[in-house]
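Structural features, examined
One letter stands for each residue in the lines below.
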Amino acid sequence: MTRHEDDMERTFAALPPAHGRGFAQTWWGQAWLKALEGTALDSAQLKTGRRLARAGAVGAVSVRPGRLTAVVQDRDRTAHRADVLLEELSPGQWDRFLDMTAERAGHVAALLDREMPPHLVEDAADSGVELLPGLGDLEPECDCGAWDHCGHTAALCYQVARLLDQDPFVLLLMRGRDETTLLEDLQARSGASTTDSAEPEGVDAAEAYAAGDILPPLPDLPGLPGGPGRPPSLETEAPPAPGIDPAALSFLAAQTAVRAHGLLRGALQGDLRATPAQDAVRLAAGDPGREVADRLAEGSGRGREGLATAVRAWRHGGAAALSVLDEEWRVEGETLARARAALESAWDTGERPELRARGNRWTVAGTPVQLRLGRDGRWWPYRKERGRWQPAGGAAQDPATALASATAPASAELAPGEGNSL
C-alpha cells in the first residue's frame, strides 16, 4: 500500500485471486456487498464481477473521497477503467459523527483496532450519519459504456469488500476523511470535552427554588454496558447444602448476566423476540459443564448430538441460522423464481453443479454438501458429517460463495461443547 503525502488518496496493490472463498468476512464488508447486490439490475453482471475478482483481474485500487478506481481486465486481457462513486459526508455530518465518537471511548478504540462495531454505526445513524452505503448509493462509471453496474465495477466492489474487512478506514476515506485527520479531530474533541467537564455545573439556587413546581424531563435511556457483569464467586470453605450444585449455579448466574445484557440491548433496540428453544441453544453455546449440557440436551428434546449441531448453527448466525437448521419449507412463487435466478447466474456455463432440490434445500448430486435457502433470501452451506447434516459456515447472498464454504476442508475445531460437554 502507498500512502500519498496529503493522505487523501490511498492505493492498494492488487490482491491475489480469491478462489474458493467469500469476499467479505466482516459484517460491514457484507453490508457493502448487500448495497451492491441489492442495486444491480443484471445478476449476470454480478456473476461476471465475482468471477473477475476471484481470478485476480482487478488491478491496484485507488481510494479517495467519493471515488474508487481500478483497472479491471476481461478474460481476453482487455483493460477497462472502472470507478465507483459514493457520496461524501457533509461538514455538518462529520461534526456530528466526530462529536458522537469522541464521547464514547469504545468507538475510538474499535476504530484503532480496525473494527467497526454495529453500535458505532447505529449511534452514527442516530446522529443522522449513514456510514455504510445503502441500496443505490454505489454509483458505477466504466469506460466499457455500461450505464448500470457492469462486470468491471462489480469486480471492483467485490475486491474492495476484502479491503474493508482489513481496514474500515477505507470506508471513512471514501466518505471524506483520511485516517490522520480523523484521529486528530477526535483527539481535539476529546480534549475539549475534558476541559468542559472540569467547569462548575449547576444553576442558581434562587432560580431552582422558583422552578420547584415544574417537573424535570425524564432522563435519557441508559446506555448499553460494554458487556455483561460478572456474578459474585460462590467458592467458599463451607460445603454446599444438599441438592446445590455450585458449578451449575455459577454457570447459570453468568448466563443470566449475559441474558440480561441481551435483553437490555433488545429493549434499547426495540426487539425482544426470543423463544425457549432458542434460549436453550444459546445457553449451550456458553460452554457449560457436562452435567448442565446434559440437562439442556434432555430439556430441549434435541439430544446431545442434536444440541451440538444446533450450537454450531447458532455460532454461525444466531436465531436465523437455527431456523434454517430446523425448518424445511416449500419454496414457491416469486421466492422460487428468485432462487432459481440466483442459482442460474452463480456459475459460468458448464461449471454449475448438479443440484437436487427438496423444499428449501439443494443437495449437490453425488457429494455430501448442500445449500439451504433462508426465508430472508440468503444461502447457508451444509456438509454431511457422520450421517448428519452440519452447518458449514455463515450465510451468503451468492449461492456459489456459500457452496465454496461447504466444500472447503472441514475445520478441526469443534463447536464449543461438542468435544466434551455435549
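Residues numbered from 1 in each chain as written. Predicted model: local features only at pLDDT ≥ 70, side-chain atom pairs only at ≥ 80, totals over all residues. Heavy atoms only, no water.

Pairing between sheet strands relies on hydrogen bonds along the backbone, with the strands arranged either parallel or antiparallel. Here we have five strands laid out as an open sheet, ordered β7-β8-β9-β10-β11, and antiparallel in their pairing. A strand with exactly one partner marks an edge of an open sheet, and here the two such strands are β7 (355-358) and β11 (388-391). Strand-to-strand twist in this sheet, taken as the mean axis angle between neighbours without regard to direction, amounts to 30°. Where β7 meets strand β8 (residues 361-364), four bridges bridge the pair, whose relative direction is antiparallel. Considered in β8, the bridge of L355 is made with V364. Running over the sheet, helix α13 (residues 303-326) touches β8, β9 (369-373), β10 (379-385) and β11 and is turned about 50° from β11. (Pairing = 2+ DSSP bridges. Helix = DSSP H or I, 4+ residues; strand = E, 2+ residues; numbered from the N terminus. Axes fitted to C-alpha atoms, helices over the stretch in contact; angles between N-to-C directions. Contact = heavy atoms within 4.5 Å.)

With that settled, consider the nonpolar core. Counting 42 residues, the largest nonpolar core has W32, V61, V63, L68, L138, L156 and Y158 as its most contacted members. For this core, the secondary structure elements donating two or more residues are α1 (27-37), α2 (43-54), β3 (61-64), β4 (67-73), β5 (79-85), α6 (151-166) and α7 (169-174). Among the elements that take part in this core, α6 stands out by supplying nine residues, more than any other. Setting aside chain neighbours within four positions, we find L138 in contact with W32, A35, L36, V84, L85, L86, P133, H149 and C157. (Core = buried A, V, L, I, M, F, W, Y, C linked by side-chain atoms within 4.5 Å. Buried < 20%, exposed > 50% of the residue type's maximum accessible area, 1.4 Å probe, protein only.)

Moving on to the pairing of β4. Judged from the three bridges that link them, β3 and β4 form a sheet pairing that is antiparallel. When the bridges of β4 are listed, R64 appears paired with R67. Counting the residues that bridge the hairpin from β3 to β4 gives two residues, and of these G66 lies at a positive phi of roughly 80°. Of the strand pairs in this sheet, β4 and β5 are connected by seven bridges, and their pairing is antiparallel.

Do not read the predicted coordinates in detail wherever pLDDT is low. In the predicted model, the protein chain carries a mean pLDDT of 80, and 83% of its residues have values of at least 70. Counting contacts from residues 193-201, a segment whose pLDDT is below 50, to residues more than four positions away or on other chains yields zero contacts. Taken together, the stretch residues 411-422 has pLDDT below 50 and engages in 25 contacts with residues farther than four places along the chain or on a different chain. (pLDDT = per-residue confidence, 0-100.)

A few words now on a negative patch on the surface. Taken together, the side chains of E87, E88, E130 and D137 make up a negatively charged region of the molecular surface. Inspection of the secondary structure assignment puts E130 in the loop between α5 (118-126) and β6 (139-142). (Patch = residues over 30% accessible without salt bridge, like charges linked within 9 Å, V, L, I, M, F, W, Y side chains within 5 Å. Areas by Shrake-Rupley, 256 points an atom, 1.4 Å probe, with all protein chains shown as cover. Salt bridge = Lys/Arg side-chain N within 4 Å of Asp/Glu carboxyl O. Lys, Arg positive; Asp, Glu negative; His and termini not counted. Charge placed at Lys NZ, Arg CZ, Asp CG, Glu CD.)

One can find R162 in helix α6. For R162, which is buried and forms no salt bridge, the nearest opposite charge comes from D165, at a distance of 7.4 Å. Reaching out from R162, the side chain makes a polar contact with the backbone oxygen of P16 at a distance of 3.0 Å. (Polar contact = N/O pair within 3.5 Å; in protein donor to acceptor, adjacent residues only side chain to side chain.)

This part takes up α1. Taking burial as the measure, the 11 residues of α1 include eight buried ones, the bulk of the element. By the burial criterion, the buried members of α1 are W28, G29, A31, W32, L33, A35, L36 and E37. For α1, the elements touching its buried residues are α2, β4, α6 and α7.

For any two helices packed against each other, the geometry is given by the interaxial angle and the distance between the axes. The geometry of helix α11 (residues 276-284) relative to α13 is characterised by a closest axis approach of 9 Å and an angle of 115° between their N-to-C directions. In terms of axis orientation, α11 runs roughly perpendicular to α13. In this structure, the crossing between α11 and α13 has a hand that is left-handed. Counted together, Q278, V281, R282 and A284 of α11 and L307, A310, V311, W314, A319 and L322 of α13 form the full contact between these two elements. The residue inventory of the contact of α11 with α13, partitioned by class, reads eight nonpolar, one polar and one charged. (Parallel < 35°, antiparallel > 145°, perpendicular 65-115°, else oblique. Left-handed = near helix turned anticlockwise from the far one by under 90°. Nonpolar A, V, L, I, M, F, W, Y, C, P; charged D, E, K, R; others polar.)

Looking now at the packing of aromatic side chains. Scanning all chains against the criterion turns up four aromatic pairs. An angle of 45° between the planes, with centres 5.0 Å apart, marks the rings of F23 and Y158 as tilted. Here F23, found in the loop between β2 (10-12) and α1, pairs with Y158, found in helix α6; they are 135 residues apart in sequence, far enough to count as distant. Both residues of the pair, F23 and Y158, belong to the buried class. Relative to F97, the ring of W94 has its centre 5.7 Å away and its plane inclined at 80°; by these criteria the two rings are edge-to-face. Linking W94 with F97, this pair stays in helix α3 (residues 91-102), spanning three residues, or about one helical turn. Looking at F97, the relative accessible area reads 0%, which means it is buried. When the ring centre of Y382 is taken as origin, the NZ or CZ atom of R372, which lies over that ring, is 3.9 Å away. (Phe/Tyr/Trp six-rings, centres within 6.5 Å; stacked < 30°, edge-to-face > 60°. Lys NZ or Arg CZ within 6 Å of the ring centre and 35° of its normal.)

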